[in-house]
Amino acid sequence: KDRRCIMSILADFYTPDILEDGYRFSEAPQYYVPPAESTLEEFREYVRQLPINDPPEVFGLHSNAEISSARAESFELFATLLSLQPRSGGGG
């Protein structure tokens, strides 16, 4: 399942269509391909304006994917916290 999902996502990003002016990765206005004649500083500024956490819609996923991801991240965080707690062996 994961391979199929990844291949589907990559098909949107690795396509000859991105060479065309105005290509958009998503309906969100900030996810577009900058013009090829942009300067290095313009590319850097474009990257800086992108959000730190991309919404799932950018990758063609349902908004519930964000909920699933947040839950998995929370479970992993709490598992790590629990593993760091000292284990009492009794005695004293």
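Shown above is the structure to which this text applies.
Residues numbered from 1 in each chain as written. Predicted model: local features only at pLDDT ≥ 70, side-chain atom pairs only at ≥ 80, totals over all residues. Heavy atoms only, no water.

### What to know about the overall build of the protein chain
A count of helices and strands for the protein chain gives three helices and zero strands. Walking the protein chain from its N terminus toward its C terminus, one meets helices and strands in the order α-α-α. The C-alpha extent of the protein chain, read off along each of the three principal axes, is 70 × 35 × 20 Å. Expressed as a percentage of the 92 residues in the protein chain, the buried residues total 11%. Taking all contacts inside the protein chain whose residues are at least 6 apart in sequence as the whole, residues at least 24 apart take part in 21%. Accessible surface for the protein chain amounts to roughly 8000 Å². Of this, 58% is attributable to carbon and sulfur atoms. Of the charged side chains in the protein chain, 8 are positive and 15 negative; the average position of the first set lies 12 Å away from that of the second. (Helix = DSSP H or I, 4+ residues; strand = E, 2+ residues; numbered from the N terminus. Buried < 20%, exposed > 50% of the residue type's maximum accessible area, 1.4 Å probe, protein only. Contact = heavy atoms within 4.5 Å. Areas by Shrake-Rupley, 256 points an atom, 1.4 Å probe, with all protein chains shown as cover. Lys, Arg positive; Asp, Glu negative; His and termini not counted. Charge placed at Lys NZ, Arg CZ, Asp CG, Glu CD.)

### Description of the layout of surface pockets
Of the pockets and cavities examined, the largest pocket occupies roughly 260 Å³. Asn53, Asp54, Pro55, Pro56, Phe59, Leu61, Ala65, Glu66, Ser69, Ala70 and Glu73 together form the lining of the largest pocket. (1 Å grid on protein atoms, 1.4 Å probe; cavity = no way out; pocket = protein on both sides within 12 Å on 5 of 7 lines; lining within 4 Å. Points joined across faces, edges and corners; volume = space filled by probe spheres on them.)

### Comments concerning the pattern of salt bridges
On inspection of all chains with the given rule, the structure shows two salt bridges. Between Arg48 and Glu41 there is a salt bridge, with its nearest N and O atoms 3.2 Å apart. Glu41 gets classed as partly exposed once you look at its relative accessible area, which sits at 42%. Glu45 serves as the salt-bridge partner of Arg48, at 3.3 Å between the closest nitrogen and oxygen. Remark: Glu45 and Arg48 occur in helix H2 (residues 40-49); sequence separation between them is three residues, near one turn of the helix. By relative accessible area, Glu45 is classed as partly exposed at 44%. (Salt bridge = Lys/Arg side-chain N within 4 Å of Asp/Glu carboxyl O.)

### Re the packing of aromatic side chains
According to the stated counting rule, one finds two aromatic pairs in the structure shown. Here the aromatic rings of Tyr23 and Phe25 are separated by 5.4 Å at their centres, their planes lie at 85 degrees, and the arrangement is edge-to-face. The partly exposed category is assigned to Phe25, whose relative accessible area is 23%. (Phe/Tyr/Trp six-rings, centres within 6.5 Å; stacked < 30°, edge-to-face > 60°.)

### A few points about a negative patch on the surface
The grouping of Asp17, Glu20, Asp21, Glu37 and Glu42 at the surface amounts to a negative patch. Within the element layout of this structure, Glu20 appears in the loop between helix H1 (2-13) and H2. (Patch = residues over 30% accessible without salt bridge, like charges linked within 9 Å, V, L, I, M, F, W, Y side chains within 5 Å.)

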